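What the coordinates show
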Amino acid sequence: MNLYDAHNHLQDAWLAPHRPRVFADLAAAGVGRVVVNGTCETDWPEVAALAQENSVVLPSYGLHPWDAGNRTPDWQKNLLTHLDAPPPHSSPSFHSPRAAVGEIGLDRWILDRARPDDPRLAGLRRAPIAEQTEIFLWQLALAAERHLPASIHCLDAFGLLHDLLRAAKLPARGFLLHAYSGPAEMVKNFADLGAHFSFNGAFLAPRHARLRALYAALPADRLLVETDAPAMRLPAPLEKFTLPPAADGSAINHPANLAATYAALAELRGVSVEILAGQVKSNFNKLFDHG
Ligand SMILES: [Zn+2]
């Protein structure tokens, strides 16, 4: 079965020591294509290198809202250089965009709710929301202009995101709201603008019943599945693949756990995993791979 990971970070340093094993496990789990999202200027070359080495990788380049405050004055030029690079894999029968734009977005959680000593934010200047907005809109316009899909992160800023999307020129092929955790009432508003929504295995934790209900009811033609690996672990009993913890003791989400997420989501939606996989494959190709 061909499974598709709509959003991950396989370039991450946490996965680097395990790369051969990770790619072997992805193949064994039936994962056929993964969108690997760069988040800052220093990891864009690593995404490009992974895409050169592995044909399952669809590279995506963007400045993440967490990294927005640490950008260099050359960030736009650097981003364009990566987006303009020749496609890593070309085949006459496989029409693929050169790359996607992402991970981009808006995050008020880092400003209002994150602990000052959250280790994931160590060394990062937390860009105020006006600054995040400017950076997000520039990258979104770039995706629209070039007909590239955009992968969008949003925490605690769904009203603002909707206002901005409604007023902006959007990619004609649509965009992804990765691991969407906003209000159920806003799903239709976003979908009307071209949104796709990716279900993350972390939503299988007992405390996320609201999100499971939201994804169970989501229109089938807008549904995708993702891992966000090495972040966002599944509940431990559902993990079929594990990796040793990172050097600082943090637990790592193995991206091959995508298969377990598909199985659980199929059950939630009351369809077979084959039906779900066929629908997700078609959605993935429409958004990321064709045209
Ligand atoms: Zn991400």
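About the cut-offs
Residues numbered from 1 in each chain as written. Predicted model: local features only at pLDDT ≥ 70, side-chain atom pairs only at ≥ 80, totals over all residues. Heavy atoms only, no water. Core = buried A, V, L, I, M, F, W, Y, C linked by side-chain atoms within 4.5 Å. Buried < 20%, exposed > 50% of the residue type's maximum accessible area, 1.4 Å probe, protein only. Helix = DSSP H or I, 4+ residues; strand = E, 2+ residues; numbered from the N terminus. 1 Å grid on protein atoms, 1.4 Å probe; cavity = no way out; pocket = protein on both sides within 12 Å on 5 of 7 lines; lining within 4 Å. Points joined across faces, edges and corners; volume = space filled by probe spheres on them. Nonpolar A, V, L, I, M, F, W, Y, C, P; charged D, E, K, R; others polar. Expected span 1.5 Å × (residues − 1). Contact = heavy atoms within 4.5 Å. Right-handed = clockwise from strand over helix to strand, strands pointing away. Pairing = 2+ DSSP bridges.

A short note on the nonpolar core
- By size, the foremost hydrophobic cluster in this structure holds 82 residues, and its most contacted members are Y180, F190, F197, Y215 and F288.
- The biggest single contributor to this core is helix α10 (residues 273-289), with 6 residues.

Looking at the layout of surface pockets
- Its volume calculated, the largest pocket comes out at about 1700 Å³.
- Every residue lining the largest pocket is counted, 43 residues in all, and those nearest its centre are W66, R120, D228, A231 and M232.
- Looking at the lining of the largest pocket, the elements with two or more residues in it are β5 (150-155) and α8 (209-216).
- Sorting elements by how many residues they give to the lining of the largest pocket places β5 first, with 3 residues.
- A per-class count over the lining of the largest pocket returns 21 nonpolar, 10 polar and 12 charged.

Topic: helix α9 (residues 258-269)
- Between its first and last C-alpha atoms α9 spans 16 Å; for 12 residues at 1.5 Å apiece the expected length is 16 Å, and the two agree.
- Of the residues making up α9, those classed as buried are L258, A260, T261, Y262, A264, L265, A266 and R269.
- The inward-facing, buried residues of α9 contact β1 (3-8), β2 (31-37), β7 (195-200), α8, β8 (223-226) and α10.
- Note on α9: the residue one or two positions beyond its end, G270, has a positive phi of about 70 degrees.

Remarks on the pairing of strand β3 (residues 57-61)
- The element β3 is largely enclosed, with a buried count of 5 among its 5 residues.
- Handedness of the crossover joining β2 and β3 through helix α2 (residues 44-53) is recorded here as right-handed.
- Looking at chain direction, β3 and strand β4 (residues 100-107) are connected through 2 bridges and run parallel. Across the sheet, the residue bridging to S60 is A100, located in β4.

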